[in-house]
Amino acid sequence: MAGDGGGELSTLSTEQIAAEANPVVRRTAIPLWKRWTSFGSGVGIAVVDGALEVVLAEVRPQGVEVVDALRLERIRERPAAEWGAEYDALLKKHKWQHVAAMVVLPAREVISRTVSLAGVGAKETDAALRYQLDGLHPFEEDRIAFGYGRLEAPHASTVAVGIAQAETMEEYATLFEEAGVDLAGFVTPAAAYYSALRVLQAPPADELLLVNEAEGALEIYAETASHPLFFVELPSGQPRAVEAAKSQVRFTGEGLSGKIAGCLPHAESAVVYSPLPFAAALVSALPKQALPLNLLPESRRRVTSRLQWVPTLVLVTLLALVVAGLLSFQEFENRRLIAELEAETAKLNPQLIQLRTADRELAAAKAKLANLEEFLRRPQTDLDSLKELTRILPPEAWVSRMEMTADTVSLMGEIDQATEILKLIDASPMFAETQFTSQIGRSTSGKEVFQVKAKRVKR
């Protein structure tokens, strides 16, 4: 027996159970955003009496569809590769090789518990739970595998816990790996039903007590104020089991009671074998909406349906559209600013032309002024140069022609020794680089004829 509370339950005949479990389905609408993000393809597997019941289900906002189902017999007696090939053929038939399976472990091999952690924050949940973990199971310390997840409001302070022996989890994980079955996780029956009851619908009622008569076993699932999550599996044929369960979970009778299959979403035609693999398929299809209770280590899990990326792709697409819109708006804004600048430039062009014309006229006036100033200075400079030449030339020298420019002075005349005139002119600070411009000749009077040119030194 596995349950969250514990005591033995009395028995009730099969006929009484059927009468007590008359299905009464009461579905409630869920938020529109949650419905339209309910996309996924899932594979659910239930371990039942040495066999595997496999269900392939698709979840869409408009409903749930069972794509296919398969029962694999004698999984421990046959080679894992043999029944693994049958499972792989089922996935290949529908091109579902990318989908990882969620496995519901037998209730007798796992323990389901609930722990109240009122006032404990999400970051402290793990430490607080580990502190109480030893009192929740009879197994050896440090030889367990467990998973947990907080329940939804109004029981958000309650944590559902699943516990199993580590050897059992390792045995199942190795068995599925040998068969080539990709696993999304191991889940308890209680967690599978809890999550499945909330797919495409709100919780069926404030309190509920549901039953399922499986092969040789009676499953009882309940949600009440005192027991937010309760599950127990008993051998079938025990009288007064349902009445005892109602008493234990304090079921008032005002809530929902019926068969588990009748309360799962769109399960009237969906449950092929038992509700468990169908519930596990819903958990596999919508892992983000499911109770995060998983006994399989994260290192051995595989990401499931590709449709879980649909909301992300939609958001990425919207983000791309927003970015494209911003870029387009920026381009439009840039063009508008350029047009405005060009219009303002066109308005200022006449003034700019006037300014440029005024600049050219001002530069010409400055050049003329500089020329006038230079011209005004020239007479005095020329007189100084002529005075200097008169001073340095000897009395016996006779100058027949002189040309003076702003930069040079040229002399032509006669002198006794023409070579002396170069030294005399170069010795003056007002002249430099004196040189003959023609060969020295001789006049009829016997004097040497010279032609010299010197640079004027500006002061």
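Residues numbered from 1 in each chain as written. Predicted model: local features only at pLDDT ≥ 70, side-chain atom pairs only at ≥ 80, totals over all residues. Heavy atoms only, no water.

Participant: Even after reading the chapter, I still don't get the overall build of the protein chain, so can you show me in this structure?
Facilitator: Scanning the protein chain from terminus to terminus reveals 11 helices and 17 strands. By residue count, 42% of the 459 residues in the protein chain fall in the buried class. For the protein chain, restricting intrachain contacts to residue pairs at least 6 apart in sequence, the fraction spanning at least 24 positions comes to 66%. As presented, the protein chain carries roughly 24800 Å² of accessible surface, and 55% of it is formed by carbon and sulfur atoms. (Helix = DSSP H or I, 4+ residues; strand = E, 2+ residues; numbered from the N terminus. Buried < 20%, exposed > 50% of the residue type's maximum accessible area, 1.4 Å probe, protein only. Contact = heavy atoms within 4.5 Å. Areas by Shrake-Rupley, 256 points an atom, 1.4 Å probe, with all protein chains shown as cover.)

Participant: Can you help me understand a nonpolar patch on the surface in this one?
Facilitator: On the surface, Val314, Leu315, Leu318 and Leu321 cluster together to form a nonpolar patch covering roughly 390 Å² of accessible area. Relative to the helices and strands, Leu318 resides in helix H10 (residues 310-392). A residue is classified by how much of its surface remains accessible, and Leu318, at 46% relative accessible area, is partly exposed. (Patch = residues over 30% accessible without salt bridge, like charges linked within 9 Å, V, L, I, M, F, W, Y side chains within 5 Å. Salt bridge = Lys/Arg side-chain N within 4 Å of Asp/Glu carboxyl O.)

Participant: Quick question: what am I supposed to make of the confidence of the model for the protein chain here?
Facilitator: Atom-level detail of predicted coordinates should not be read off regions where pLDDT is low. Of the residues in the protein chain, 89% reach a pLDDT of 70 or more, and the chain-wide mean stands at 83. Low pLDDT (under 50) marks residues 5-26, which in the prediction has 57 contacts with non-local residues, meaning those over four places away or in another chain. (pLDDT = per-residue confidence, 0-100.)

Participant: How should the side chain of Ser284 be read in this particular structure?
Facilitator: Within the element layout of this structure, Ser284 appears in helix H9 (residues 275-285). Within the local environment of Ser284, its side chain forms a polar contact with the backbone oxygen of Ala100, the two atoms lying 3.0 Å apart. (Polar contact = N/O pair within 3.5 Å; in protein donor to acceptor, adjacent residues only side chain to side chain.)

Participant: Is there a simple way to explain the sheet that holds strand E2 (residues 51-60) in this structure?
Facilitator: For sheets, the rule is that strands pair by backbone hydrogen bonds, running either parallel or antiparallel. Sheet architecture is open: 5 strands sit in the order E3-E2-E1-E4-E8, paired in mixed fashion. In this open sheet, the two edge strands, each paired with only one partner strand, are strand E3 (63-72) and strand E8 (183-187). The mean inter-strand angle of the sheet, taken between neighbouring strand axes irrespective of direction, is 20°. Direction of pairing for strand E4 (residues 101-104) relative to E8: parallel, over a ladder of 4 bridges. By the bridge assignment, Val103 is partnered in E8 with Phe186. (Pairing = 2+ DSSP bridges. Axes fitted to C-alpha atoms, helices over the stretch in contact; angles between N-to-C directions.)

Participant: I would appreciate a short explanation of the nonpolar core in the present structure.
Facilitator: Taken as a class, soluble globular proteins show a tendency for nonpolar side chains to be buried jointly. Core analysis: the biggest nonpolar cluster contains 78 residues, and Val43, Ile45, Trp83, Phe176, Phe186 and Tyr221 have the highest contact counts within it. At 8 residues, H9 tops the list of elements feeding residues into this core. (Core = buried A, V, L, I, M, F, W, Y, C linked by side-chain atoms within 4.5 Å.)

Participant: How should helix H3 (residues 80-94) be read in this particular structure?
Facilitator: Helical geometry: 3.6 residues make up each α-helical turn, so side chains three or four residues apart lie on a common side. Counted at 1.5 Å a residue, the expected span for H3 with its 15 residues is 21 Å, and the 22 Å between its end C-alpha atoms agrees. Looking only at H3, the buried set comprises Ala80, Trp83, Gly84, Tyr87, Leu90 and Leu91. Projected onto a plane normal to the axis of H3, the buried residues spread over an arc of 115° and lie on a single side. What points out from H3, more than 90 degrees from its buried face, is the exposed set Ala81 and Lys93. (Expected span 1.5 Å × (residues − 1). Arc of directions from axis to C-beta.)

Participant: I would appreciate a short explanation of the pattern of salt bridges in the present structure.
Facilitator: A side chain with one charge can pair with a side chain of the opposite charge if their charged atoms come near. Applying the stated criterion across every chain yields a total of 24 salt bridges. Across the pair Arg71 and Glu73 runs a salt bridge whose closest N-O atoms are separated by 2.5 Å. The exposure class of Glu73 is partly exposed, given its relative accessible area of 38%. In this structure, Glu77 and Arg74 form a salt bridge, with 3.7 Å as the shortest nitrogen-oxygen distance. The class of Glu77 is exposed, set by a relative accessible area of 63%. We classify Arg74 as partly exposed; its relative accessible area is 43%. Through salt bridges with shared partners, a single ionic network connects Glu53, Arg71 and Glu73.

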